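Spelled out from the first residue to the last, the chains are:
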Amino acid sequence: MTTPARGSLLGIEHLETKEILRLLQLARRMNPQKARPLLRGKRIVLLFYEASTRTRTSFEFAAKALGATTTLVLSSGSSIEKGESIIDTGNTLRAVGADCIVMRHPAAGAPHFMAKHLDIPIVNAGDGMHEHPSQALLDAVTILKHKKSLKGLQATIIGDIFHSRVARSACHLLTRMGVKMTLCGPPELVPDVAATLMPGLRLTRHIEEALRGTDVIMLLRVQSERLAGLKIQLQDYIARYQMTAARLKLAKRDAIVMHPGPIIRGLELTAEVADCPQSVIVDEVRNGVPTRMAILARALGRA
Ligand code: NCD
C-alpha cells in the first residue's frame, strides 16, 4: 500500500475544498438522536497514544449512533507498551477485523504512516503538533451555527499556536473559506514565521489589537507537555494574554469565544469568560458528535 485508503481523513491542508464543504454539509445534517444505522456491522478502532476526553468520547458516540461497533486501544495497557511498532499494531487491528482506525499519536505524521501501510481508512484524531482535522471541522460547524457564513469573518487565535495542531488545522480550513485570521501570543508560542506560512494570516503581539473588531475568538491551552524545556513565565503570560471580561469587550458585541478544550480556568481565560453567554465552548464539544458521524460515514463510504 502506498496511497491512503479512500475515506481517510489525515488533515485539512491536503483536503479538497469541495470535500471540506461536503463534510460540513453532512455534519450539519447528522443528528445523534435520530441517526440511521449507516455503519451497522462496521468495526471501528479508537487507537489513542495520547490523552483525550472530548475527541475520544465523541468519536465513540458518533460511531455508535451510526450503529458501528467500537473498541478502544490505549498505548498504556496494550502491546504498544511492550514495544510493538505502529505498523504491527495496525496489522493486528486489521487482522481482528477493523474496518477503520481513528488514531491519535504524539508524533506528527503517525496516522499518515499507518495509512500508507493499511488498506482501511485512517482518521487522524490529532498527530503531535501537526493537524487535528475533526476539530477544525467541528469548529467550522460551530461558527456556522452562530454566523451566517464563514466568508468575510474575522477570527483571532490567541495563545500557544506553535504547539497547537488545532490552530494549524483551523488556519488551513478557515483561511480557505475566506476568513481573515489574526494570530496573537508571545514569540515563544507564536514565532514570527507563523504568519508567513499561509496567505491570509496576520500576526500581532498585542491582544487589544488582535481583538478589535473580531467576530470569532479562539483560545488555546498552553501545551506544557510539548514545551520541551521552554520556560514560560505564566504570570507574565496571564498579564498579557489571558482572556478577561474587560478584554472581551474589545471584540464585536456578538463575537463568540471558542476553545478546543481542555480549558485551564485562570490561565488562558478567566472562569467568567469561560461561562459567559458569548462562550460556545460547550457547544463545540456537542457539535463534535455529528461532525464525527459525518467523518466516519464518509470514511466507510456510507455518505
Ligand atoms: C486539543 C488536542 O488534543 O489537540 N484538544 C482537543 O482535541 N479538543 C487541544 C489541547 O490538548 O490543548
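These lines cover the structure that appears in this document, whether it is placed above or below. All of these numbers come straight from a predicted model, not from anything done at the bench.

### Re the overall build of the chain
Here comes step 1: A tally of helices and strands in the chain yields eleven helices and nine strands.
Here comes step 2: The globule rule puts the C-alpha radius of gyration for 303 residues at 19 Å, and the 19 Å found for the chain is close to it.
Here comes step 3: Principal axes of the C-alpha set define a box for the chain whose edges measure 55 × 45 × 35 Å.
Here comes step 4: Counting over 303 residues, the chain shows a buried share of 57%.
Here comes step 5: Counting contacts in the chain only where the partners sit at least 6 residues apart, residues at least 24 apart contribute 75% of the total.

### A short note on the site of the ligand
Here comes step 1: Inspection of the region around the ligand gives T55, R104, H132, Q135, R165, V166, R221, Q223, P260, G261 and P262 as its neighbouring residues.
Here comes step 2: Measuring from an oxygen atom of the ligand, one finds a side-chain N or O atom of H132 at 2.7 Å.
Here comes step 3: Within the side chain of Q223, a nitrogen or oxygen atom sits 3.1 Å from an oxygen atom of the ligand.
Here comes step 4: For the ligand, whose free accessible area comes to 320 Å², the fraction covered by protein is 94%.

### A closer look at the pairing of strand 4 (residues 122-127)
Here comes step 1: With six of six residues buried, strand 4 is to be regarded as a mostly interior element.
Here comes step 2: Judged from the four bridges that link them, strand 3 (residues 100-105) and strand 4 form a sheet pairing that is parallel. If you follow V102 over to strand 4, its bridge partner there is V123.
Here comes step 3: The parallel pair strand 3 and strand 4 is bridged by helix 4 (residues 110-117), and the resulting crossover is right-handed.

### Some points on the nonpolar core
Here comes step 1: Among the nonpolar cores identified, the biggest contains 88 residues, and I44, I217 and M243 are the most heavily contacted of them.
Here comes step 2: Residue assignment places this core across two domains, with domain 1 (17-130 + 287-299) and domain 2 (134-285) each supplying three or more.
Here comes step 3: When near neighbours in sequence (up to four residues on either side) are disregarded, I44 contacts L39, A63, A68, T69, T70, T71, C100, V102, L296 and L300.

### Quick word on the pattern of salt bridges
Here comes step 1: Taken as a whole and assessed by the stated rule, the structure comprises 14 salt bridges.
Here comes step 2: Of the charged contacts, one joins K64 and E60 as a salt bridge, the two residues approaching to 2.7 Å between their closest N and O atoms. Of the two residues, K64 and E60 both sit in helix 2 (residues 54-65), four residues apart, roughly one turn of that helix.
Here comes step 3: Judged by its relative accessible area of 42%, K64 falls in the partly exposed class.
Here comes step 4: A salt bridge links E208 to R247, with the nearest nitrogen and oxygen atoms 3.8 Å apart. Highlighted residues: E208 in helix 7 (residues 207-211) and R247 in helix 9 (residues 245-248), separated in sequence by 39 residues.

### Some details on the sheet that holds strand 1 (residues 43-48)
Pairing between the strands of a sheet is mediated by backbone hydrogen bonds and can be parallel or antiparallel.
Here comes step 1: Strand order in this open sheet of four strands is 2-1-3-4, and the pairing throughout is parallel. Two strands bound the open sheet, and with one partner strand each, they are strand 2 (69-74) and strand 4. For this sheet the average axis-to-axis angle between neighbouring strands, irrespective of direction, equals 15°.
Here comes step 2: Pairing geometry for strand 1 and strand 3, over five bridges, is parallel. Note that in strand 3 the partner of V45 across the bridge is I101.

### Examining the packing of helix 5 (residues 133-146) against helix 6 (residues 165-176)
Here comes step 1: Taken N-terminus to C-terminus, the directions of helix 5 and helix 6 make an angle of 55°; their axes are 8 Å apart at the nearest point. If you check the angle between helix 5 and helix 6, you find them oblique. As helix 5 packs across helix 6, the resulting crossing turns out to be right-handed. Here helix 5 contributes P133, Q135, A136, L137, D139, A140 and I143 to the contact with helix 6, which in turn contributes V166, S169, A170, L173 and L174.
Here comes step 2: Tallied by class, the residues present in the contact of helix 5 with helix 6 amount to nine nonpolar, two polar and one charged.

What counts, and at which threshold
- Residues numbered from 1 in each chain as written.
- Predicted model: local features only at pLDDT ≥ 70, side-chain atom pairs only at ≥ 80, totals over all residues.
- Heavy atoms only, no water.
- Helix = DSSP H or I, 4+ residues; strand = E, 2+ residues; numbered from the N terminus.
- Rg over C-alpha atoms; globule rule 2.2 N^0.38 Å.
- Buried < 20%, exposed > 50% of the residue type's maximum accessible area, 1.4 Å probe, protein only.
- Contact = heavy atoms within 4.5 Å.
- Near = heavy atom within 4 Å.
- Polar contact = N/O pair within 3.5 Å; in protein donor to acceptor, adjacent residues only side chain to side chain.
- Areas by Shrake-Rupley, 256 points an atom, 1.4 Å probe, with all protein chains shown as cover.
- Pairing = 2+ DSSP bridges.
- Right-handed = clockwise from strand over helix to strand, strands pointing away.
- Core = buried A, V, L, I, M, F, W, Y, C linked by side-chain atoms within 4.5 Å.
- Domains from an automatic or database assignment.
- Salt bridge = Lys/Arg side-chain N within 4 Å of Asp/Glu carboxyl O.
- Axes fitted to C-alpha atoms, helices over the stretch in contact; angles between N-to-C directions.
- Parallel < 35°, antiparallel > 145°, perpendicular 65-115°, else oblique.
- Left-handed = near helix turned anticlockwise from the far one by under 90°.
- Nonpolar A, V, L, I, M, F, W, Y, C, P; charged D, E, K, R; others polar.

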